[in-house]
Amino acid sequence: MGDNIDSDAIATAYAQVRDDANVDTTWAAFGYDGKRIVYLTQGSDYDEFLTLCTDDDRVYGYIRVETGDEMSRRAKFAFITWIGPSVSPLKKAKVSTDKAFVKEIVTNFGKEFLCDSKDELTLKKITEVLEKASGAAYGTGK
């Protein structure tokens, strides 16, 4: 990976999102400082993550969603690649190789999303896709 990615900071944020005991972190975001992929920030309010997804930015997100029913709660994870609609074609093309570097660190997720519209990024949509991908939902019907 080399100098083009801040592996340590990204790995730390990834571990914090995965940590069941860490209720303060349900997402982490990674982006660019020049050509280098860096840790941006993390938090528990998904709307804060959405503010990072601007028209002229490329952002990688690792998101934790609680799914299940009244019988069983489970953590599911999504890897999001945001490419704003105003990103230049050259930078858009670079995402495919850069994303591979991030995915060498962020390895465990149920679904991957490639988005260029905020409509695709709603927490409801992300949760619905993760629930469908997780298999049967057993419940008491209540």
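As the structure is a prediction and not an experimental result, all values here were calculated from the model.

Caption draft 1: Spotlight on the side chain of Arg58. Relative to the elements of secondary structure, Arg58 occurs in strand β3 (residues 58-68). Within the structure, the side chain of Arg58 is placed 3.4 Å from the backbone oxygen of Lys91, a separation counted as a polar contact. With residues near it in sequence (within four places) discarded, Arg58 still touches Phe30, Gly31, Tyr32, Trp82, Val87, Lys91, Lys94, Val95 and Asp98.

Caption draft 2: Up close: the sheet that holds strand β1 (residues 27-33). The mixed open sheet is built from 5 strands, whose spatial order is β2-β1-β3-β4-β5. The sheet is open, and its two edges are formed by β2 (36-43) and β5 (111-115), each paired on a single side. Within the sheet, the average angular offset between the axes of one strand and its neighbour, ignoring direction, is 20°. Sheet topology note: the strand β4 (residues 73-83)/β5 ladder contains 5 bridges and is parallel. Considered in β5, the bridge of Trp82 is made with Cys115.

Caption draft 3: Fine view of the pattern of salt bridges. Inspection of every chain in the model, using the stated rule, returns 5 salt bridges. The salt bridge involving Lys103 is made with Glu112; its shortest N-O contact spans 2.8 Å. Members of the salt-bridge network, linked through shared partners, are Asp20, Arg64 and Glu66.

Caption draft 4: Structural context of the environment of Asp24. With respect to the element layout, Asp24 can be found in the loop between α1 (7-18) and β1. For the pair Asp24 and Tyr46, spaced 22 residues apart in sequence, the C-alpha to C-alpha distance is 12 Å. Residues contacting Asp24, with those up to four places away along its chain left out, are Gly43 and Ser44.

Caption draft 5: Local environment of the nonpolar core. If you look at the biggest cluster of nonpolar residues, it comprises 19 residues, and the most contacted ones within it are Ile10, Phe30, Ile37, Tyr60, Tyr62, Val102 and Val106. When contributions to this core are tallied by element, the ones reaching two or more residues are α1, β1, β3, β4 and α3 (89-103). No other element matches α1, which puts 4 residues into this core. Setting aside anything within four residues of it in sequence, one finds Ile37 in contact with Asn4, Ile5, Asp6, Ile10, Phe30, Gly31, Tyr32, Tyr60, Asp98, Phe101 and Val102. Formed by 17 residues, the second largest nonpolar core is a distinct cluster that contains Tyr46, Ile63, Ala78 and Ile80.

Caption draft 6: The pairing of β2, seen in detail. Here 7 bridges tie β1 to β2, and the two strands are oriented antiparallel to one another. Among the inter-strand pairings, Asp33 is bridged to a residue of β2, identified as Arg36. Hairpin remark: β1 followed by β2, antiparallel, with 2 residues in the connecting loop; positive phi at Gly34, about 70°.

Caption draft 7: A look at helix α4 (residues 123-133). When we look at burial in α4, the residues that qualify are Ile126, Thr127 and Leu130. Buried residues along α4 cover an arc of 95° about the axis, so they all sit on one side. The exposed set on the far side of α4, more than 90 degrees from its buried face, consists of Lys124 and Lys132. Buried-residue contacts for α4 involve α2 (46-52), β3, β4 and β5.

Rules used in this analysis
Residues numbered from 1 in each chain as written. Predicted model: local features only at pLDDT ≥ 70, side-chain atom pairs only at ≥ 80, totals over all residues. Heavy atoms only, no water. Helix = DSSP H or I, 4+ residues; strand = E, 2+ residues; numbered from the N terminus. Polar contact = N/O pair within 3.5 Å; in protein donor to acceptor, adjacent residues only side chain to side chain. Contact = heavy atoms within 4.5 Å. Pairing = 2+ DSSP bridges. Axes fitted to C-alpha atoms, helices over the stretch in contact; angles between N-to-C directions. Salt bridge = Lys/Arg side-chain N within 4 Å of Asp/Glu carboxyl O. Core = buried A, V, L, I, M, F, W, Y, C linked by side-chain atoms within 4.5 Å. Buried < 20%, exposed > 50% of the residue type's maximum accessible area, 1.4 Å probe, protein only. Arc of directions from axis to C-beta.

Such coordinate-based values are descriptive only and should not be taken to indicate function.
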